[in-house]
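# Structural characterization, general
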Amino acid sequence: TATAAAESARQAITQADTDEAAATSARDAAETARATARADLAAIDSEVAALTKATQHSGRDRLLDHVSASAGYERALAAALGDDLDTGLDAWAGAAPHADDPAAPDNATPLAAYIDAPPALARRLAQVFAIDTDEGQALAVGQRIVTRDGTLRRWDGFTATGTGAAAAERLVRRNRLAALEAERP
C-alpha cells in the first residue's frame, strides 16, 4: 500500500511535469503570437501615419481632393483628367450626361463606374471609357479611352502615357490608407 501510494505519486508527478511542459509551450506560442501581432499593428500604424501625412490636403481646394477611384483605376483616372485634377471644384459648372451622347465603344465601360466624383464631372466621366487594351476602337468626338495603367487615347488621335503620375500616386496612397484603416482593430 505504501508502495502503491508512492507509485501513484510518481505517476501524478510525471503527469504534472507533462502538463507543465505543455502549458509552458502553449504560453510561449501565445507570447510569440502576441509579439507578432503587436509588430504587425505597429507596422500598420507606422504606414498609416506616413500615408496620412503624404495625403493631407495642400490647403487649396483641388478637384483631386474630391474624387476617388476604385483600387486599380487610380492611374486611369489621373490619365483621364490630367492637369484638371489640380483645378478647383468651383471651375466645374458640371453637366449631366445627355441621351444623345455617343455610345460607348466596343468592350469599354464608362470610367464613371469605377470613380466616386462630384456630379459636376458626370458627363465628362461618362465619355471616358476604361478598357484593358487599346485595340484602336473607334471613338466619337469628345470621347477618350484609358487603360488601367494610365494610357490615354482621345477621339482626335492624341495619345499619352504616364500623365498625372503625381495625382495617380496620391490616389493610390489614399486607397492604401483606406484599406489599412479598415484592417486596424
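Residues numbered from 1 in each chain as written. Predicted model: local features only at pLDDT ≥ 70, side-chain atom pairs only at ≥ 80, totals over all residues. Heavy atoms only, no water.

## Here's the deal with the overall build of the protein
Helix and strand counts for the protein come out as 4 helices and 7 strands. Its helices and strands taken in sequence order, the protein reads α-β-α-β-β-α-β-β-β-β-α from the N to the C terminus. Scaling as 2.2 N^0.38, a compact globule of 185 residues should have a C-alpha radius of gyration of about 16 Å, whereas the protein reaches 29 Å, well beyond that. Here the protein holds 185 residues, and the buried ones make up 30% of them. Sequence-distant contacts, at least 24 apart, represent 62% of the contacts inside the protein between residues at least 6 apart. Surface summary for the protein: the accessible area is close to 11000 Å², and the carbon and sulfur share equals 53%. Separation between the mean location of the 19 positive side-chain charges and that of the 28 negative ones in the protein comes to 5 Å. (Helix = DSSP H or I, 4+ residues; strand = E, 2+ residues; numbered from the N terminus. Rg over C-alpha atoms; globule rule 2.2 N^0.38 Å. Buried < 20%, exposed > 50% of the residue type's maximum accessible area, 1.4 Å probe, protein only. Contact = heavy atoms within 4.5 Å. Areas by Shrake-Rupley, 256 points an atom, 1.4 Å probe, with all protein chains shown as cover. Lys, Arg positive; Asp, Glu negative; His and termini not counted. Charge placed at Lys NZ, Arg CZ, Asp CG, Glu CD.)

## Here we look at the sheet that holds strand β6 (residues 151-154)
With mixed pairing, 5 strands are arranged side by side in an open sheet as β2-β4-β5-β6-β7. Strand pairing shows two members of the sheet lacking a second neighbour, β2 (109-110) and β7 (159-161), which therefore form its edges. In this structure, strand β5 (residues 144-147) lies alongside β6, joined through 3 bridges in antiparallel fashion. The residue of β6 that forms the bridge with Val 146 is Leu 152. Strands in contact with helix α2 (residues 74-81) are β4 (128-131), β5 and β6; relative to β5, the strand with the most contacts, it is inclined by about 150 degrees. (Pairing = 2+ DSSP bridges. Axes fitted to C-alpha atoms, helices over the stretch in contact; angles between N-to-C directions.)

## Overview of the nonpolar core
Within the largest apolar cluster, 26 residues are counted, with the highest numbers of intra-cluster contacts made by Leu 77, Leu 85, Leu 111 and Val 146. Those elements that place two or more of their residues in this core are α2, β4 and α4 (165-183). At 6 residues, α2 tops the list of elements feeding residues into this core. Beyond its immediate sequence surroundings of up to four residues, Leu 111 is in contact with Tyr 73, Ala 76, Leu 77, Ala 80, Leu 125, Val 128, Phe 129, Ala 130 and Val 146. (Core = buried A, V, L, I, M, F, W, Y, C linked by side-chain atoms within 4.5 Å.)

## Some remarks on helix α1 (residues 2-54)
Look at α1: 77 Å from first C-alpha to last across 53 residues, which is about the 78 Å you get at 1.5 Å a residue. Turning to α1, its buried residues are Ile 44, Val 48 and Leu 51. If you follow the buried residues of α1, they end up packed against α4. (Expected span 1.5 Å × (residues − 1).)

## Observations regarding the packing of aromatic side chains
Tallying each qualifying case throughout the model produces 1 aromatic pair. Here the aromatic rings of Tyr 73 and Tyr 114 are separated by 3.8 Å at their centres, their planes lie at 5 degrees, and the arrangement is stacked. Taken together, the positions of Tyr 73 in the loop between β1 (68-69) and α2 and Tyr 114 in the loop between β2 and β3 (115-116) put the pair 41 residues apart, joining distant regions of the chain. Of the residues examined, Tyr 114 reaches a relative accessible area of 23% and is grouped as partly exposed. One residue, Arg 148, lies across the ring of Tyr 73, its end atom 4.4 Å from the ring centre. (Phe/Tyr/Trp six-rings, centres within 6.5 Å; stacked < 30°, edge-to-face > 60°. Lys NZ or Arg CZ within 6 Å of the ring centre and 35° of its normal.)

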